[in-house]
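Examining the three-dimensional arrangement
Given next are the chains, with one letter for each unit.
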Protein chains: 2
Amino acid sequence: MGPEPEENAQIRLMRKARGRTSFPVEDLTTFIYGSPETVQKRRAAWHRVELALDSTDTTKLPPQYAKTSREDLYLDGLRMGKAAWDDQLQHDHAFFEWLTPRYTACNASPFGLTAIFFARTIELMGSPEQKSKWLPLIQSGHINGAYAQTELGHGSFVRGLETTATFDPASDSFVVNSPTLTSTKFWPGALGFSATHAVLMAKLITRDKDHGVHPFIVPLRDPETGKPMEGIELGDVGPKPSYNQTDNGYARFDNVSIPRSNMLMGHATVSSDGSYQKRPDVHVKAAYGSMLRTRAKMIWICAVQLAAAVAIAVRYSTVRQQGTLPYAEADGTETAIIHYRSQNSRLLTHLSRAYAILFASRRANDIYQDFESRQATRDFSTMTETHAVLSGIKAWATTLAADGAEDARKSCGAAGYLAISGLPELVQSATALCTLEGENYVLWQQAARELVKWAPKLSSNNLPSALRYLAGKYTPGQKCTATIPTAFLLPETQLEIFKHRSRRLISKSHRLFSASVSSGDSPSQAWNNNVTLLISAARAHVEYLVLQAFIASVSSMTTSPLKTTMTNLCSLFALTTIITGEAHCTFSEDGYLSETQLDAVRAQVNALLDTLVPDAVGLTDAWDFTDAGLASAIGMRDGDVYARVMAWTRQLPVNSSDQQVVVGRGWDEFIRPALNRGGRKL
Amino acid sequence: MGPEPEENAQIRLMRKARGRTSFPVEDLTTFIYGSPETVQKRRAAWHRVELALDSTDTTKLPPQYAKTSREDLYLDGLRMGKAAWDDQLQHDHAFFEWLTPRYTACNASPFGLTAIFFARTIELMGSPEQKSKWLPLIQSGHINGAYAQTELGHGSFVRGLETTATFDPASDSFVVNSPTLTSTKFWPGALGFSATHAVLMAKLITRDKDHGVHPFIVPLRDPETGKPMEGIELGDVGPKPSYNQTDNGYARFDNVSIPRSNMLMGHATVSSDGSYQKRPDVHVKAAYGSMLRTRAKMIWICAVQLAAAVAIAVRYSTVRQQGTLPYAEADGTETAIIHYRSQNSRLLTHLSRAYAILFASRRANDIYQDFESRQATRDFSTMTETHAVLSGIKAWATTLAADGAEDARKSCGAAGYLAISGLPELVQSATALCTLEGENYVLWQQAARELVKWAPKLSSNNLPSALRYLAGKYTPGQKCTATIPTAFLLPETQLEIFKHRSRRLISKSHRLFSASVSSGDSPSQAWNNNVTLLISAARAHVEYLVLQAFIASVSSMTTSPLKTTMTNLCSLFALTTIITGEAHCTFSEDGYLSETQLDAVRAQVNALLDTLVPDAVGLTDAWDFTDAGLASAIGMRDGDVYARVMAWTRQLPVNSSDQQVVVGRGWDEFIRPALNRGGRKL
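Procedures and definitions
Along each chain, residue indices are assigned from 1 in the same order as the chain's sequence is written. Naming scheme: in the order in which they are written, chains are lettered from A and ligands are numbered from 1. Since the coordinates come from a predicted model, pLDDT governs what is reported: local features require at least 70, and pairs of side-chain atoms require 80 or more to be given and counted, while whole-chain, interface and lining totals use all residues. The basis for every side-chain value is the complete set of non-hydrogen atoms in the structure, without hydrogens or water. UniProt positions are given in the numbering used here, feature names are shortened, and annotations may be inferred rather than shown by experiment. Stacked, tilted and edge-to-face are the three classes applied to pairs of Phe, Tyr and Trp rings, where Trp contributes its six-membered ring and a pair requires centres within 6.5 Å; stacked means planes under 30 degrees apart, edge-to-face means over 60, and tilted covers the rest. By the criteria applied, helices consist of DSSP H or I runs no shorter than four residues and strands consist of E runs no shorter than two, each listed in order from the N terminus. We call a residue buried when its accessible area falls under 20% of the maximum for its residue type, exposed when it is over 50%, and partly exposed in between, using a 1.4 Å probe and counting protein chains only. Axes, fitted as lines to C-alpha atoms, cover a helix only where it is in contact. Angles between the N-to-C directions of the axes lie from 0 to 180 degrees. Contacts were defined at the residue level, with two residues in contact if any of their heavy atoms lie within 4.5 Å. Gly is placed with the polar residues, together with every amino acid not listed as nonpolar (Ala, Val, Leu, Ile, Met, Phe, Trp, Tyr, Cys and Pro) or charged (Asp, Glu, Lys and Arg). In what follows, salt bridge is the name for a side-chain nitrogen of Lys or Arg lying within 4 Å of a carboxyl oxygen of Asp or Glu. For classification purposes, an angle smaller than 35 degrees is called roughly parallel, one larger than 145 roughly antiparallel, one from 65 to 115 roughly perpendicular, and anything else oblique. We call a crossing left-handed when the near helix sits turned anticlockwise from the far one by less than a right angle, and right-handed when that turn is clockwise. By nonpolar core we mean a set of buried residues, namely Ala, Val, Leu, Ile, Met, Phe, Trp, Tyr and Cys, connected to one another through side-chain atoms within 4.5 Å. Joining two parts hides part of their accessible area as seen by a 1.4 Å probe, and the buried area is that hidden amount summed over both. Under the rule applied, a polar contact is a pair of N or O atoms within 3.5 Å (in protein, one hydrogen donor and one hydrogen acceptor; residues adjacent in sequence only if both atoms are side-chain atoms). At least two bridges found by DSSP between two strands are what make those strands a pair.

An unreviewed UniProt entry lists chain A under the name Acyl-coenzyme A oxidase, with Echria macrotheca given as the organism. The UniProt entry for chain A carries the following comment under Cofactor (unreviewed entry): "FAD". Its UniProt record, at the heading Subcellular location (unreviewed entry), says of chain A: "Peroxisome".

A short note on the packing of aromatic side chains
To describe a pair of aromatic rings, you give the distance between the ring centres and the angle between the ring planes. On inspection of all chains with the given rule, the structure shows 40 aromatic pairs over all chains. Centroid distance Phe550 of chain A to Phe573 of chain A: 5.8 Å. Interplanar angle 35°. Geometry classified as tilted. With Phe550 of chain A in helix α16 (residues 531–555) and Phe573 of chain A in helix α17 (residues 561–579), this residue pair connects regions lying 23 residues apart in the sequence. According to the relative accessible area criterion, Phe550 of chain A is buried, its value standing at 0%. A centroid spacing of 5.0 Å and a plane angle of 70° characterise the contact between Phe174 of chain B and Phe216 of chain B, whose relative ring orientation is edge-to-face. A residue pair is termed long-range when its members are at least 10 positions apart, and Phe174 of chain B in strand β3 (residues 173–177) and Phe216 of chain B in strand β6 (residues 209–219) qualify at 42 residues.

Details of the packing of helix α2 (residues 25–33) of chain A against helix α10 (residues 341–376) of chain A
All names here are of chain A. Interaxial distance between α2 and α10 falls to 11 Å at its minimum, and their mutual angle equals 40°. Together, Leu28, Phe31 and Ile32 of α2 and Tyr355, Leu358, Phe359 and Arg362 of α10 make up the contact between the two elements. Per-class residue counts for the contact of α2 with α10 are six nonpolar, no polar and one charged.

A closer look at the pattern of salt bridges
Within the structure shown, the criterion is met by 80 salt bridges over all chains. Arg120 of chain A serves as the salt-bridge partner of Glu372 of chain A, at 2.7 Å between the closest nitrogen and oxygen. With Glu372 of chain A in helix α10 and Arg120 of chain A in helix α7 (residues 113–125), this pair connects stretches of sequence that are 252 residues apart. For Arg120 of chain A, a relative accessible area of 13% gives the class buried. The partner of Arg539 of chain B in a salt bridge is Glu543 of chain B, with the nearest N and O atoms 3.2 Å apart. Placement of both Arg539 of chain B and Glu543 of chain B in helix α16 (residues 531–555) is noted, with a separation of four residues, approximately one turn of the helix. Like Glu543 of chain B, Arg539 of chain B is buried. Through salt bridges that share partners, Arg504, Lys508, Glu589 and Asp590 of chain A together with Glu595, Asp599 and Arg602 of chain B make up one connected network.

What to know about the packing of helix α9 (residues 288–319) of chain A against helix α12 (residues 423–433) of chain A
Residue and element names in this part refer to chain A. The contact between α9 and α12 brings their axes to 10 Å, and the two run at 155°. In terms of axis orientation, α9 runs roughly antiparallel to α12. Every pair of crossing elements has a handedness; the one defined by α9 and α12 is left-handed. Counted together, Met298, Ile301, Cys302, Gln305, Ala308, Ala309 and Ile312 of α9 and Leu423, Leu426, Ser429, Ala430 and Leu433 of α12 form the full contact between these two elements. Partitioning the contact of α9 with α12 into residue classes produces ten nonpolar, two polar and no charged.

With respect to the nonpolar core
Among the nonpolar cores identified, the biggest contains 343 residues, and Tyr355 and Trp396 of chain A together with Tyr355, Trp396 and Trp623 of chain B are the most heavily contacted of them. No other element matches helix α9 (residues 288–319) of chain B, which puts 20 residues into this core. Filtering out sequence-adjacent residues up to four positions away, Trp623 of chain B remains in contact with Ile32, Tyr33, Arg42, Trp300, Ala303, Val304, Ala307, Ala354, Tyr355 and Leu358 of chain B.

Overview of the interface of chain A and chain B
Between chain A and chain B, the residue contacts involve 154 residues of the former and 153 residues of the latter. Summed over both partners, the interface of chain A with chain B buries about 13,200 Å², with 61% contributed by carbon and sulfur atoms. Across the contact surface, chain A and chain B share twelve salt bridges. Notably, a salt bridge pairs Arg672 of chain B with Glu224 of chain A, separated by 3.5 Å at the nearest N-O pair. Linking chain A with chain B are 53 residue pairs in polar contact (both at pLDDT 80 or more). Looking at the side of chain A that touches chain B, the element that brings in the most residues is helix α5 (residues 70–90) of chain A, giving twelve residues.

As for the sheet that holds strand β4 (residues 185–186) of chain A
All names here are of chain A. The strand order across the open sheet formed by three strands is β4-β8-β7, and the pairing between neighbours is antiparallel. This sheet does not close on itself; its edge strands, each paired only once, are β4 and β7 (232–236). In this sheet, strand β8 (residues 249–253) lies alongside β4 in antiparallel orientation, the contact comprising two bridges. Among the inter-strand pairings, Phe186 is bridged to a residue of β8, identified as Tyr250.

Description of the side chain of His350 of chain B
All names here are of chain B. Looking at where His350 falls in the secondary structure, it is placed in helix α10 (residues 341–376). With a relative accessible area of 8%, His350 lands in the buried category. In this view, His350 contacts Leu306, Val310, Gly404 and Asp407; residues no more than four positions away in its chain are not counted.

Focus on the sheet that holds strand β4 (residues 185–186) of chain B
Backbone-to-backbone hydrogen bonds join strands into a sheet, with any given pair of strands oriented parallel or antiparallel. The strand order across the open sheet formed by three strands is β4-β8-β7 (chain B), and the pairing between neighbours is antiparallel. A strand with exactly one partner marks an edge of an open sheet, and here the two such strands are β4 and β7 (232–236) of chain B. In the packing of helix α21 (residues 641–651) of chain A onto the sheet, contacts are made with β4, β7 and β8 (249–253) of chain B, and the angle to β8 of chain B comes to roughly 105°.

Structure below.
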């Protein structure tokens, strides 16, 4: 742990703030992680890995801030990744499959993808023989696998992939090629330097016929030396805003031969004579299962990353004293910035969203589990609706996490711009989630298509479950009937308001889209012209589902001070969604909420914030982040911000004495020659 | 220039798109930079510096992406900075004072601050003798100066600074000290390794009395060796999301003695007997002039940085083909993504904002110049209003630039996450502007205070000029009278809509603030409770001023195809501000605009976008960015995206053969040991 920090003003402020918490924090930790056993197991696993990484002494500068060259960050990722990999081979692996030691998504580590993408694809797409061959090799830790789908020229549009796997009956093998520059595989994690094998998505060509994209297992490297196999060019995509601990890479194939048995044949087969056959009992899109599972998991990651960013910002704001409120008496005492409404309204709103995303992730997981159990019985009837709702929640959660983490970072002022604050890495990591595993604007539109499809059939008896709340007749021009301000704290009022907006936007976007088609536009033109509104409808729909999940989770709690706090937080989420957010998605455009009602909502938000500020530290502590996990000089549990910032800053290699060589070089080569030129015109 | 790129699909798409431009691009370049002479001089200066840096061959990977350690990026900054410094000593310096070779703010270079902060403070705060001593030394290039104000414990709140300069009559000198940890100077650019001298802001203590913060010139380093002077600890603040080319640093002082004459004595003096005297004819806040000038300049930088990000995204979107529109016939041709409404509505909205910020920066500059010429005659009467309006425009412009650049980056999908796209650096650079030189939430509130002050006096004859449009009686409950959809294209309608919102929010926030005070809240509580609304009022006010400036600039153009395009762009800015933006700041909450009217506005936006898409390339080309300046593999003029991405990626040192040493080390130390453990449970 390092030496006990000296008592100072910041430590005292933090202790005092923590002392004001109105509920037992451990109860909330249990509520977040599901059970006391999970909390304990998770803690123990983290502690083992942090001991292995020697990262528990918070007086020491974490290595990722010391050496930031591309090479050094990759080596740091290997070090982190191997500690988690070793631990999961010995213990339960659930705590590292989706999070790395720095609480970023699994694909932040060069060891992170084997289980979740490589093995998973074999499970879903392999034949029984293939599963029994490959899965034990993976389980025994002999394979570090990558999943190679996206190419330089194609991301979202899978049909456009260009890599080919051409069957050669003479050698009973596939010949893999990258026929164009744009067919270069680009982005897959661990592809650059670390993976031994890849599941490669390539166009299957046999008997001169293109059968579309299929999965193949391709050995990439000599497992002894790590050198690429003959005919394969492999490399790194270079520096990125985050995820530099892993080697997102590129790959090109020049007549690389793999045995016929390396095509995953669970869904389609190629015989030794080159004949192609689809297995008759497999749904054409069964492979989407893996993608759906990934998206469901990503929502949980968004909750954790947003909560981590807010935890740092809340702790910093609790001990950072700066100025006094406008018009306040200047008595020499400065105000801790969390007491400024402009600060606490932002931080608590984002905190309420982190919890909202948490409950949304549970709902998403339930929806996915339901789909998976149906899939097991060959029932694919809910695939479209599952896909639509998970797409929408993924787009919503990643947007809120990225924007919220960035706003939390900004709320720390200049301190949030230091890499050692830990915030830039969290922000950039959350930001990537808006793009990877389905670009958000594409996903919003997929969610919207489902809404347009069902909009004319809302009185149907077989509405998908996520749409059932829309059933019945919708009356435009309706007004919210809440008259007393505290009515806005009632869950049923909140849900009614969210429902009205959702119905209004779904109904309207469907009406305008149809009108556009009727007036002679092609459906694609009509879609394009109304896409902003369609996306708003999808967002309003998702926000209804999320509020419903938040309310249901909180109602299930037994009466306690914790339940009171969580109820307030849920109301804060609902009411700040009403008064902030995008104008596209307003609750008031049609007059449903009047200006007077919105003023009442704003007043309630003020009151909720006053109630919740004393619990801000407890609500972030409850996520049970370790100091080593946050790796933030300004966001550690004890609040000792300034001492740690200076201690870490002084340990930076660039400030150490032997690095003055670099600085000396700078002075000799650039600065001294630039100075002392005398008498020239500036 | 490197070899001519081979013709390919991307180059053809770009040429075709550029060919569709409806106006002569050079005319718009002249309009942006002011005169054909300035355009030519600027081009020539950039070209000289780019030749000196050997950065004109776009086939070569720019060095900032190759070596990314803290040390290497600093050396890269010295190299860049010295090229600009040398050029400005020989030529006109206006083209490098506020932009570096990579189009980021001046404080991105370790040579960038001497003129704009160091010399400027001496000009404003020095006595005539001090000016004639120091300014020639600066003009002849003998000093690389820093401006050391912020401390670890204090940024926005200048009164809280703790560094002391205590007068010692025995030695006729000041003794400078950092008495606490939090008094450590933290953040000043070039302080880490590069500056020879600093203007240090410290509390002046003489005869045991604290006279508050005053400026002192402190020599920091031996100009021959670059080593810190006795008693001074200097270092770097470490890695940051951007600005790594400069050495934002920290400094601690331990009994450092400087001659009495090093206190800048233009505004106050300390005699050899230690007596302190303010000069009677100096306004207490005259020193703010420098800060105001900086903020006015920053607005221009926001315009350039946002335009640069949008230029990259527009070029990429012009050649990136991905999928087809929903419901479109799949005929094998993929759509260039700029044709998706979800893409072009974002990019053109941000582009219209880059131009809006450009015109706002001119207005801000006029306001500042007026203040400066009054200041020259000791007229400080407009200081408060100048400060308020520049604060508001700075907060507004930096918010739009940061959010817009990030959205442009996201619009490029995964490609925008590559450092070599140039976008992450631009985004993070724009993001910093929201915090530095006045944190935005602090500045919004300063703008709002001026509004609250004048709200009850809007019928007064001596309204500050920026508020004059608010004069006269305001009627709540008013409705917009526009009935036909094209009415929304009229500047007078647009201004009327913006004016109504501004008046509504100013009136309302003043009313609620006053009511809160009347009900017994302290003014600071009342402020805190209504701060969100107050900020909304400030934003609405600024947006009115900006729209006014945009409209005035465009009206002044002579009739031409360019004027038509700029008129459409101005309408796009106005109408997208109405239909996007924050719910806090809505135009419809009070029913001023009805849902039907908003639908008409949305339809007009669609039509404007259709008209403007063919001009997107021309409107970004007009900013005259060089390929070397953008340093973007995906945003160069010729559109040759994929070839350049692969060429640069292959040149990354981490992918070169000798760097396989690092990779070899990774395999030997981490991967091979992690594999081959056989038989263990995953």
